[in-house]
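Commentary on secondary and tertiary structure
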Amino acid sequence: DVKVTQSSRYLVKRTGEKVFLECVQDMDHENMFWYRQDPGLGLRLIYFSYDVKMKEKGDIPEGYSVSREKKERFSLILESASTNQTSMYLCASSPRDRSAFFGQGTRLTVV
Amino acid sequence: QKEVEQNSGPLSVPEGAIASLNCTYSDRGSQSFFWYRQYSGKSPELIMFIYSNGDKEDGRFTAQLNKASQYVSLLIRDSQPSDSATYLCAVNRGGNFGNEKLTFGTGTRLTIIP
C-alpha cells in the first residue's frame, strides 16, 4: 500500500515562529503536493513539486515556502506563522497524471 | 468561475437509493478526473478515477465523464449509511511536464438516511 506520512498529527505554535511540516512517501512518486483545508473553502493547493528541487506555486502560496531535496520528502515551511495559518494541512503524492494519495493530515493551531 | 465546482449539499438520500453527485470543471485541457471520499476528521481517500468519456463502473460506484460538457459525476447505487461522507471531485490537467496541478472542488456532503 502507498504510504504518505506526515511528521505530526497535531501542532500548536506561537505567532512569528518558523514552522516546518514534513511529509514522506514511500512509493517513488514524482509529484508531491501540500494543501490546506478549511471549512467552506475546501482543499486549496499551496505548492506542488513534480521532481526533486522543482516546485510550483499553487493557489495560495503567500506566507509559505517548500523544499524538496530528496524525491521521497516534501517539506512545507511557514516562515513566520500567523493566526490565519491555523488550518488542517494535507500532504499528497502521485505518479505522473495519476491519482493522489494523502497523508493523515496535520492540524496546526497558531496562537 | 471556479476551476472545479460542486454543489456543497447537504444531499440526503434514503438507504438503498441511488446517490448522484455532480461536478463541473472550467479547463478544457483537463485530462483526468478523480472522486475522493472524506469522512469527518479523516484525510481524503480515492474512490474512482476516469480518463475517457463515458461510464466507468466499480462495484456500487459509477463515474461518468462528458468532456464536451465539462461534466463529471459519481453515482452510488444501493446507498449505505457508511457512504455518508463528503465527496470531493478533483481534476488534473496532466500532460505537459510540470503542468499536473491537481485541483479540488469544495466537496458535496452526502447523508444516507436509514
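Heads up: the structure comes first, above all this text.
I will try to describe carefully the structure that is included in this document. (Residues numbered from 1 in each chain as written. Chains lettered and ligands numbered in written order. Predicted model: local features only at pLDDT ≥ 70, side-chain atom pairs only at ≥ 80, totals over all residues. Heavy atoms only, no water.)

Each helix and strand in chain A was counted, giving 0 helices and 11 strands. Counting from the amino terminus, chain A carries its helices and strands in the arrangement β-β-β-β-β-β-β-β-β-β-β. What you see for chain A is a C-alpha radius of gyration of 13 Å, in line with the 13 Å of a compact globule of 111 residues. Buried residues in chain A amount to 50% of all 111 residues. Taking contacts inside chain A between residues at least 6 apart in sequence as the whole, the part at least 24 apart equals 54%. Accessible surface computed for chain A: about 5300 Å², of which carbon and sulfur atoms make up 49%. For chain A, the distance from the average site of its 17 positive side-chain charges to the average site of its 15 negative ones is 4 Å. (Helix = DSSP H or I, 4+ residues; strand = E, 2+ residues; numbered from the N terminus. Rg over C-alpha atoms; globule rule 2.2 N^0.38 Å. Buried < 20%, exposed > 50% of the residue type's maximum accessible area, 1.4 Å probe, protein only. Contact = heavy atoms within 4.5 Å. Areas by Shrake-Rupley, 256 points an atom, 1.4 Å probe, with all protein chains shown as cover. Lys, Arg positive; Asp, Glu negative; His and termini not counted. Charge placed at Lys NZ, Arg CZ, Asp CG, Glu CD.)

Here we come to the nonpolar core. Core analysis: the largest hydrophobic core is formed by 23 residues, its most contacted members being F33, W35, V72, L74, I76, Y87 and L110 of chain B. Broken down by secondary-structure element, the contributors of at least two residues to this core are β3 (19–25), β4 (32–38), β5 (45–50), β7 (61–66), β8 (71–76), β9 (85–92) and β11 (108–113) of chain B. Within the second largest apolar cluster, 20 residues are counted, among which are M32, I46, Y89 and C91 of chain A. (Core = buried A, V, L, I, M, F, W, Y, C linked by side-chain atoms within 4.5 Å.)

All names here are of chain A. The full count for this structure, using the stated rule, is 2 disulfides over all chains. What pairs with C23 in a disulfide is C91, and their sulfur atoms sit 1.9 Å apart. Residues C23 and C91 share a disulfide whose torsion about the S-S bond is about -80°; that sign makes it left-handed. With C23 in strand β3 (residues 19–25) and C91 in strand β9 (residues 87–94), this residue pair connects regions lying 68 residues apart in the sequence. For C23, a relative accessible area of 0% corresponds to the buried category. (Disulfide = S-S within 2.5 Å.)

On to the interface of chain B and chain A. Residue-level contacts link 22 residues of chain B with 24 residues of chain A. Across the chain B to chain A interface the summed buried area is about 1900 Å²; carbon plus sulfur atoms make up 56%. Applying the counting criterion to the chain B and chain A interface returns 0 salt bridges. At the boundary of chain B and chain A, one finds 4 residue pairs in polar contact (both at pLDDT 80 or more). (Buried area = accessible area lost by both parts, 1.4 Å probe. Salt bridge = Lys/Arg side-chain N within 4 Å of Asp/Glu carboxyl O. Polar contact = N/O pair within 3.5 Å; in protein donor to acceptor, adjacent residues only side chain to side chain.)

Attention now moves to the environment of G16 of chain B. Residue and element names in this part refer to chain B. Checked against the element boundaries, G16 lands in the loop between β2 (11–14) and β3. Classification of G16 as partly exposed rests on a relative accessible area of 41%. Non-local contacts of G16, meaning those with residues more than four positions away in its chain, are made with D78 and S79.

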